[in-house]
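Observations on chain architecture
Now for the letters of each chain:
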Amino acid sequence: MTEPGKSTTEIIRASLARRHRAERRFRAYGITAVSFAVLSVVVLLADIVGKGHGAFRQTYLRLPVTYDGALLGVTDAADAHQVERGDFQALIRAAVQRRLGEPASRAERREQVALVSDGAAYQLLARLRADPGLLGASETLWLAADDDIDTWFKTRGGEEFTGRISERQIGWMNDLAERGDAELRFNRTFFTSGDSREPEQAGIGGAVMGTLLTLVVTLLLSFPLGVAAAIYLEEFAPQNRWTDFIEVNINNLAAVPSIIFGLLGLAVFINFFEVPRSAPVLGGLVLALITLPTVIVASRAAIKAVPPSIREAALGVGASQMQMVLGHVLPLAMPGMLTGAIIGMAHALGETAPLLMIGMVAFIVDVPQGFTEPATVLPVQIFLWADSPERAFVEKTSGAIMVLLAFLVVMNGLAVLLRKRLERRW
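Just so we're clear, the structure is a prediction, and the values are computed from it rather than from any experiment.

1. Things to note about the pattern of salt bridges
- Scanning all chains against the criterion turns up 14 salt bridges.
- The residue Asp47 makes a salt bridge to Lys51 at a minimum N-O spacing of 3.6 Å. Taken together, the positions of Asp47 and Lys51, both in helix H1 (residues 8-52) and four residues apart, correspond to about one turn of that helix.
- Relative accessible area serves as the criterion here: at 38%, Asp47 is assigned to the partly exposed category.
- Two residues, Asp150 and Lys154, come together in a salt bridge whose shortest N-O distance is 3.0 Å. Of this pair, Asp150 and Lys154 are both found in helix H7 (residues 147-155), four residues apart, which corresponds to roughly one turn of the helix. The same class applies to Asp150 and to Lys154, which are both buried.

Shown next as structure tokens:
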């Protein structure tokens, strides 16, 4: 029935108008949702970059250093034992006084020395150890400033600065900056050193190396096992309740909380097999369990995408089933398998909870050189720094997050590139 006083054409036009208004509202809702998501990501990235860009620069002070044997307590620089016990902090005190003048009190002397990082003494020790001929000589060095001095110098006392610095120290830093003896330089320490209690000495070098070693173990375990499992399930396994049970569990493993794998690693790998705690080999074993379902699912999808005609042609010319799989199906499915492996590795790169359960939260100063040495990974290093009370660790945390995001973007970009360059469309 039609509405009284309205023709069929008018009713249809009114219905179409309502439908078009509903479609426009739906598109507006979608655009709003996408815009809000993009805006949130932009705000988050802007906050991280705003807080973390300072981690890539460090304040350095130019000081004249004299390797005075009397101050050091060293008579023979070739004697490693003497050099190790030398008072290099005395050299730094003398260098600062030479640049700023004789202090009027002990408090002023302490404030002068507090301008320079405690790690400067180790830098002088390393130089004298490498070149014993420096004993008695003088040279001008750029030494890292203390973390509070560094934070103040980067912000120049802005509202965000809350460090511990006196008015005298501010005056000295302004004088040094005017004379060109204080400047910001690229912070190589951030990329080459391990963790430290002092923010200006802390770096991600140890965490990055631990991450790389852990991911190598993860890749070597998860990729071959995942590909082999996918080939068996797709090409050789009979269709029965047992294979159905395996397939269901593989799909369910992808949804298991990652901390459960950490508990498994703690109970099996550490307590039963006695794998060294906080080692890349242990982290790789746990992350391989997390990555394995992703690799299997992606590999099975890649194998399914190979047309049946390829299999039929190979079998038709006399190839065995194994020759058909290894010589024809596997090469054609490999791009999809590699893409799944890279995505799985990117997932493993961001994991923190399972590694906390197996002890990779240790304070690691030295950069690990092997798969069984104590190590930590980048997400755990970020977790540790985020819990530190020093103001300077805020920019270290954000800087490490920027590096981690860069790794993730590169790995996901590589997966997309491989898929576009190597994938065949049938």
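2. Examining the packing of helix H17 (residues 378-386) against helix H18 (residues 392-422)
- Contact pair H17 / H18: the axes reach a minimum separation of 9 Å and the direction vectors enclose 160°. As summarised for this structure, H17 and H18 are arranged roughly antiparallel, according to the angle between their axes. Taken as a pair, H17 and H18 cross one another with a handedness that is left-handed. Together, Leu378, Pro379, Ile382, Trp385 and Ala386 of H17 and Phe393, Lys396, Thr397, Ala400, Ile401, Val403, Leu404 and Phe407 of H18 make up the contact between the two elements.
- Across the contact of H17 with H18, the residue classes tally to eleven nonpolar, one polar and one charged.

Rules used in this analysis
- Residues numbered from 1 in each chain as written.
- Predicted model: local features only at pLDDT ≥ 70, side-chain atom pairs only at ≥ 80, totals over all residues.
- Heavy atoms only, no water.
- Salt bridge = Lys/Arg side-chain N within 4 Å of Asp/Glu carboxyl O.
- Helix = DSSP H or I, 4+ residues; strand = E, 2+ residues; numbered from the N terminus.
- Buried < 20%, exposed > 50% of the residue type's maximum accessible area, 1.4 Å probe, protein only.
- Axes fitted to C-alpha atoms, helices over the stretch in contact; angles between N-to-C directions.
- Parallel < 35°, antiparallel > 145°, perpendicular 65-115°, else oblique.
- Left-handed = near helix turned anticlockwise from the far one by under 90°.
- Contact = heavy atoms within 4.5 Å.
- Nonpolar A, V, L, I, M, F, W, Y, C, P; charged D, E, K, R; others polar.

In short, geometric facts, not functional conclusions.
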